[in-house]
Amino acid sequence: MAVDQEFKRFKQIREELNLTQAAFAEELGISTTTADIERGKTRIPGQVVKELLRRYYINPLWLYGDSSQKYLNMDKVPVQPRVVTVDQLGKDNIVLVNAKAAAGYPHNIGDAQWFEKLPAFSIPLPEYRNASFRGFQVDGDSMLPVLQSGEWIVGKAVEDWSDINNKQIYVVVTADSILVKKVNKTEDGLSADLISLNFGYDPIRVSRDDVQELWAVSSKFTFDLTDNAQNVSLQGIYQEMKVLRQEVKRAMERN
């Protein structure tokens, strides 16, 4: 492989992560930006190669063109958040992403300034400690009867693809959308089917390389307890009780 392919693959990693040159440089410990590397003016430093391996499981041999296997551990693909905001005490905020902001979220996933403009809060409960959480507003009816359009859900950041639980509901951030679905990995682990609870929606197949972030839904907030009561079926009640039992069980296990 020609030497310039090394720089193209380096740039490819950054673009797949949807990070700016400055944000990528900060993650890799580069003092300025990654522009000189991407232009081929500077070879990739050894420390940067180590960070690519540690953070994103990038195979150094793939980076230099000596292997077709991009990830050193094929079961691990990073899907943790690119940006986390903190409060005045240095504790992680729970950033709120409403339905309108969701449209721009995938395109600003590495822009700290964009996230700082979103509302944020904290919950002083043990279930919301020692991890990164994010709030998303449900849009649409694909997750009925468990999740209603307009409700808010809180998701816990997932570190890598191998942590997916097929029984869990996730917020899935791809290159162009945010989806709330159950996630069932395929047998080879290279892709997954995104499953709606509303049987009127077909599964959506996504490649793991197209998933930028994953948030395991841990709780929800609803503000409409009466208007839709007549529409709640026995199936909906059962599903909500099942989810609640799972949340209580996880909370007890953490304590």
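Rules used in this analysis
Residues numbered from 1 in each chain as written. Predicted model: local features only at pLDDT ≥ 70, side-chain atom pairs only at ≥ 80, totals over all residues. Heavy atoms only, no water. Helix = DSSP H or I, 4+ residues; strand = E, 2+ residues; numbered from the N terminus. Buried < 20%, exposed > 50% of the residue type's maximum accessible area, 1.4 Å probe, protein only. Areas by Shrake-Rupley, 256 points an atom, 1.4 Å probe, with all protein chains shown as cover. Pairing = 2+ DSSP bridges. Core = buried A, V, L, I, M, F, W, Y, C linked by side-chain atoms within 4.5 Å. Contact = heavy atoms within 4.5 Å. Phe/Tyr/Trp six-rings, centres within 6.5 Å; stacked < 30°, edge-to-face > 60°. Salt bridge = Lys/Arg side-chain N within 4 Å of Asp/Glu carboxyl O.

Draft legend 1. Inspection of the overall build of the chain at higher detail. Secondary structure assignment for the chain yields eight helices and nine strands. Counting only residues that meet the buried cut, the chain has 40% of its 255 residues in that class. Summed over its atoms, the accessible surface of the chain is roughly 14,400 Å², and 50% of this surface lies on carbon and sulfur atoms.

Draft legend 2. Region of interest: the sheet that holds strand β1 (residues 94–97). Ordered by their spatial adjacency, nine strands build an open sheet running β2-β1-β3-β4-β9-β5-β6-β7-β8, and the pairing between neighbours is mixed. Two strands bound the open sheet, and with one partner strand each, they are β2 (120–121) and β8 (204–207). Examined bridge by bridge, strand β5 (residues 169–174) and strand β9 (residues 211–221) share five bridges and lie antiparallel to one another. Across the sheet, V171 pairs through a bridge with W215, a residue of β9.

Draft legend 3. How the structure looks around the nonpolar core. Ranked by size, the top nonpolar core spans 35 residues in total, and within it F10, F24, L52 and L214 carry the most contacts. Of all the secondary-structure elements, those providing two or more residues to this core are α1 (3–17), α2 (21–28), α4 (46–56), α5 (60–63), β5, β7 (191–195) and β9. When sequence neighbours within four positions are dropped, the list of residues in contact with F10 reads F24, L28, T34, I37, E38, I44, V48, L52 and L63. In terms of nonpolar packing, the next biggest core, distinct from the first, is built from 23 residues, A101, I109, F136 and V146 among them.

Draft legend 4. Structural detail: unusual backbone geometry. Omega for the bond connecting L144 with P145 falls within 30 degrees of zero, at 10°, which places this linkage in the cis form. Along the polypeptide, P145 turns up in the loop between β3 (133–137) and β4 (152–157). One non-glycine residue with positive phi stands out, namely N18, at about 60°. Position of N18 relative to the elements: it lies in the loop between α1 and α2. With a relative accessible area of 25%, N18 lands in the partly exposed category. Positive phi, close to 60°, is recorded for N130, a residue that is not glycine. Secondary-structure assignment places N130 in the loop between β2 and β3. When its relative accessible area of 84% is taken as the criterion, N130 is described as exposed.

Draft legend 5. How the structure looks around the packing of aromatic side chains. Summed over the entire model, instances satisfying the criterion amount to eight aromatic pairs. An angle of 85° between the planes, with centres 5.3 Å apart, marks the rings of Y105 and F115 as edge-to-face. Of this pair, Y105 sits in the loop between α6 (99–102) and α7 (112–116) while F115 sits in helix α7, placing them ten residues apart in sequence. Like Y105, the residue F115 is buried in the burial classification. Their ring planes at 85° and their centres at 5.2 Å tell us that W114 and F115 sit as a pair that is edge-to-face. Since its relative accessible area comes to 18%, W114 is described here as buried. Residue F115 is classed as buried on the basis of its relative accessible area of 1%. Taken together, the aromatic side chains of Y105, W114, F115, F136 and W215 make up a single cluster linked through ring pairs.

Draft legend 6. Representation of the pattern of salt bridges. The tally for this structure, following the rule as stated, stands at ten salt bridges. Between D209 and R208 there is a salt bridge, with the nearest N and O atoms lying 4.0 Å from each other. One salt-bridge network, in which partners are shared between bridges, spans E27, E51, R54 and R55.

Draft legend 7. Representation of the pairing of β4 in the model. Where β3 and β4 come together, five bridges link them in antiparallel fashion. Pairing of Q137 across the sheet is with W152, part of β4. The pairing of β4 with β9 spans six bridges and is classified as antiparallel. By the bridge assignment, W152 is partnered in β9 with F221.

Draft legend 8. Quick look at the environment of L28. Mapped onto the secondary structure, L28 falls in helix α2. Residue L28 is classed as buried on the basis of its relative accessible area of 2%. Not counting the four nearest positions on each side in its chain, L28 is found in contact with F10, V48, E51, L52 and Y56.

Draft legend 9. Here's a closer look at the environment of K8. Mapped onto the elements, K8 comes out in helix α1. Put simply, K8 and I37 are 29 residues apart on the chain and 9.2 Å apart in space, counted from C-alpha to C-alpha.

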